[in-house]
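Summary of the model geometry
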Amino acid sequence: MTIDQLRPAQGVFINNRWNAEFSGREIDVYEPATGKIFARISAGGQHEIELAVTAARRAQEGTWGRLTATERGRILSEIARRIEDEGEDLAVLEAQDTGKPIRQARADIVAAARYFEYYGGAADKVHGDTIPFMEGYFVATERLPHGITGHIIPWNYPAQMFGRTLAPALAMGNACILKPAEDACQTPLRLAQIAADAGLPPGALAVVPGAGAEAGAALAQHPGIDFISFTGSPEVGVFVQEAAARNYIGCTLELGGKSPQLIFDDADLDKAVPVIINAIVQNSGQTCSAGARVLVQASVQERLTEMLCARFSELRVGTPEMDLDLGPVINMRQKERIERMLSLAEKDSVPLLAEGKISASTDGYFVPPKLYGPVPQDHPLAREEVFGPVLSMQLFETEGDAIALANGTDYALVASVWSRDTGRAMRVARQISAGQVYINSYGAGGGIELPFGGMRKSGHGREKGFEALIEFSTLRTIVVKHD
Ligand code: NAD
């Protein structure tokens, strides 16, 4: 790719316009499959966030704030239709920006459209309650938007995250300001234009790209924000929550996991194995809800290991257009972070059971998928998030051991239980600390309809499903005294 083919920075998107004139600074964006610069984005900061907040406040007090829920829903449905219409172009852009195989990028764009379809349909179906109270009173509740919501998203699923966090917030009537990740924000920038073209009034949505410590911190700390939704690392999550506390506002945090897949001796291994593998190799393991640990009952360990090793050694890593099992990871920092964790495994003699192969011949950030086991419970590979295609196997004897292992990290996001005995599967599932537990399947975050989020170091609050509409709104109780 020559310099002429670089995708130029467009500016920040405020009031349905591209504003390039503000900071004038830019950030280089690297293509994960080649390691070369392929785009530049504008580096927004404090000033751009100020302008976005002013525009959002005006939208709240003007056209956007006056729309009915049905009218908002129609705009969201139109955004969904337009995303579908541009689906292939968006998928190619997403694949180039993140490195993911093109079929994964296509699935992500379908999901982005589905978020707008789902919340477009839901916008006018959120209502309050009436509450029995004392004689002579009528009491009702109504759900209201927070006002201005801030949204900080990571680089792993930019298009899906755009839909996941913005569609429910807009459905409830909030004016939204999005800070996408500097490593991958080409599709959020394009989707902002699509949303405006679909009829979103000026100020209802601003997208301010930029560095986390500048645009992100300015958004998180701004006193004009009424609620903030953050997805990313636990370290930045703590910063966002502290900033929210200082402004007396609420937040949702989605911070990652070390999700276990529990395999009991009566599990259908033929069905389980492809799901176990997909749960860790999807998006090269860069998924907060990746199934990063496989916990296996000792009596089936040998057979499961054999089956997993056979599949693992067939896995291939390539460029997005090669469309193999995995693409590159997002950047050199992430590659080195994963490699540091793997050298720790080597130093501590944790057995490497199998690994896949890199088939690409470019200079991208490629990491082969690896299976380790048995991994001691006190090893970082069993407790810390790698955010790469690395699966740790651990053994258990009893149900009690399995539950203790599953709950034995600081994270609590997703889990799965594989057993043909429904009683056992249910008993175990209900003792696992996680926001989502799958039985004989694994959803890696699941569908648009399923409430998703964690506990402890995985964060708090729920996005997806109807729950997101509750998160992105607040409640007013009206008490009427009558004769
Ligand atoms: P990060 O937390 O630094 O970045 C996530 C988002 O927060 C980005 O938009 C970033 O610009 C922004 N940000 C960074 N610093 C900020 C600040 N001071 N104030 C406000 N916003 C800020 O994550 P990362 O550096 O991209 O990745 C590091 C690790 O985070 C990964 O290795 C992984 O473990 C984890 N991660 C988790 C998820 C997830 O989905 N839960 C996604 C990406 C990364």
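Model, not experiment: these values are computed from the prediction.

Parsing the chain into structural domains produces domain 1 (3-255 + 461-478) and domain 2 (260-447). When each unit is reduced to the centre of its C-alpha atoms, the spacing between domain 1 and domain 2 is 31 Å. Facing the 25 residues of domain 1 at the interface are 31 residues of domain 2. With both sides pooled, the region where domain 1 packs onto domain 2 buries about 2100 Å², and carbon together with sulfur makes up 52% of that total. Counting the surface domain 1 buries against domain 2, the share from its top three residues, Pro32, Ala33 and Trp155, is 25%. Counting the contacts that link domain 1 with domain 2 gives one salt bridge. Between aspartate 323 and arginine 103 there is a salt bridge; the shortest N-O distance is 3.0 Å. There are 13 residue pairs in polar contact (both at pLDDT 80 or more) connecting domain 1 and domain 2. Contributions of two or more residues to the side of domain 1 that touches domain 2 are made by strand 3 (26-31), helix 4 (87-98) and helix 5 (102-122). Each residue belonging to the side of domain 1 that touches domain 2 can be placed in one class, and the counts come to eleven nonpolar, six polar and eight charged.

End to end, helix 4 covers 16 Å across twelve residues, agreeing with the expected 16 Å (1.5 Å per residue, within 8%). Where helix 4 is concerned, the buried positions are Gly87, Leu90, Ala91, Leu93, Glu94, Ala95, Asp97 and Thr98. Where the residues of helix 4 are buried, they touch strand 3, strand 4 (36-42), helix 3 (69-85), helix 5, helix 6 (158-171) and helix 7 (186-197).

Right, let's talk about unusual backbone geometry for a bit. The amide bond that connects glycine 373 to the next residue, proline 374, takes the cis arrangement and shows omega of -10°. Checked against the element boundaries, proline 374 lands in the loop between strand 16 (370-372) and helix 13 (380-383). Positive phi, normally seen in glycine, also occurs at tyrosine 248, with a value near 60°. With respect to the secondary-structure elements, tyrosine 248 resides in the loop between helix 9 (234-246) and strand 10 (250-254).

All right, on to the pattern of salt bridges then. Taken as a whole, this structure holds 24 salt bridges when the rule is applied. Close ionic contact of arginine 25 with glutamate 214 constitutes a salt bridge, the shortest N to O distance being 3.0 Å. Within this pair, whereas arginine 25 is found in the loop between strand 2 (17-19) and strand 3, its partner glutamate 214 is found in helix 8 (residues 212-221), the two being separated by 189 residues in sequence. For arginine 25, a relative accessible area of 40% translates into the label partly exposed. On the accessibility criterion, glutamate 214 (36% relative accessible area) is partly exposed. For glutamate 254, the salt bridge is made with arginine 164, and the minimal N-O distance between the two is 3.1 Å. One end of the pair, glutamate 254, is in strand 10; the other, arginine 164, is in helix 6, with 90 residues separating them in the sequence. Overall, glutamate 254 belongs to the buried group, its relative accessible area being 5%. Residue classification places arginine 164 among the buried residues on the basis of a relative accessible area of 6%. One network of salt bridges, with partners in common, ties together Glu78, Arg81 and Arg82.

Counting 87 residues, the largest nonpolar core has Ile83, Phe116, Tyr119, Ile177 and Ile228 as the members making the most contacts within it. Filtering out sequence-adjacent residues up to four positions away, isoleucine 228 remains in contact with Gly150, Ile152, Leu219, Ala220, Val240, Ala244, Ile249, Gly250, Cys251 and Thr252. One finds Ile277, Ile280, Met307 and Cys309 within the second-largest nonpolar core, a separate group that totals 29 residues.

The rules we used
Position numbers for residues count from 1 along each chain, tracking the sequence in the order it is written. Only residues with pLDDT of 70 or above have their local features reported here, since the model is predicted, and side-chain atom pairs are shown and tallied only from 80 upward, although totals for entire chains, interfaces and linings are computed over all residues. Calculated side-chain values reflect all of the structure's heavy atoms, with hydrogen atoms and water omitted. Domain ranges listed in this record stem from an automatic or a database domain assignment. Whether two residues are in contact is decided by their heavy atoms: any pair within 4.5 Å suffices. Buried area adds together the accessible area that both of two parts lose upon being put together, with accessible area traced by a 1.4 Å probe. Only one rule defines a salt bridge in this text: a Lys or Arg side-chain nitrogen within 4 Å of an Asp or Glu carboxyl oxygen. Whenever two N or O atoms come within 3.5 Å, that pair is a polar contact, provided that in protein one can donate a hydrogen and the other can accept it, and provided that, for residues adjacent in sequence, both atoms are side-chain atoms. The way it works is that DSSP assigns letters per residue, a run of H or I at least four long becomes a helix, a run of E at least two long becomes a strand, and they are numbered from the N terminus. In this count, Pro and Cys sit with the nonpolar residues alongside Ala, Val, Leu, Ile, Met, Phe, Trp and Tyr, while Asp, Glu, Lys and Arg are called charged and the others, Gly among them, polar. Here the expected length of a helix is defined as 1.5 Å per residue gap, with one fewer gap than residues. Here's how the labels work: a residue is buried when its accessible area is under 20% of the maximum for its type, exposed when over 50%, partly exposed in between, all with a 1.4 Å probe on protein chains only. Among the buried residues, those of types Ala, Val, Leu, Ile, Met, Phe, Trp, Tyr and Cys that are joined through side-chain atoms within 4.5 Å form a nonpolar core.

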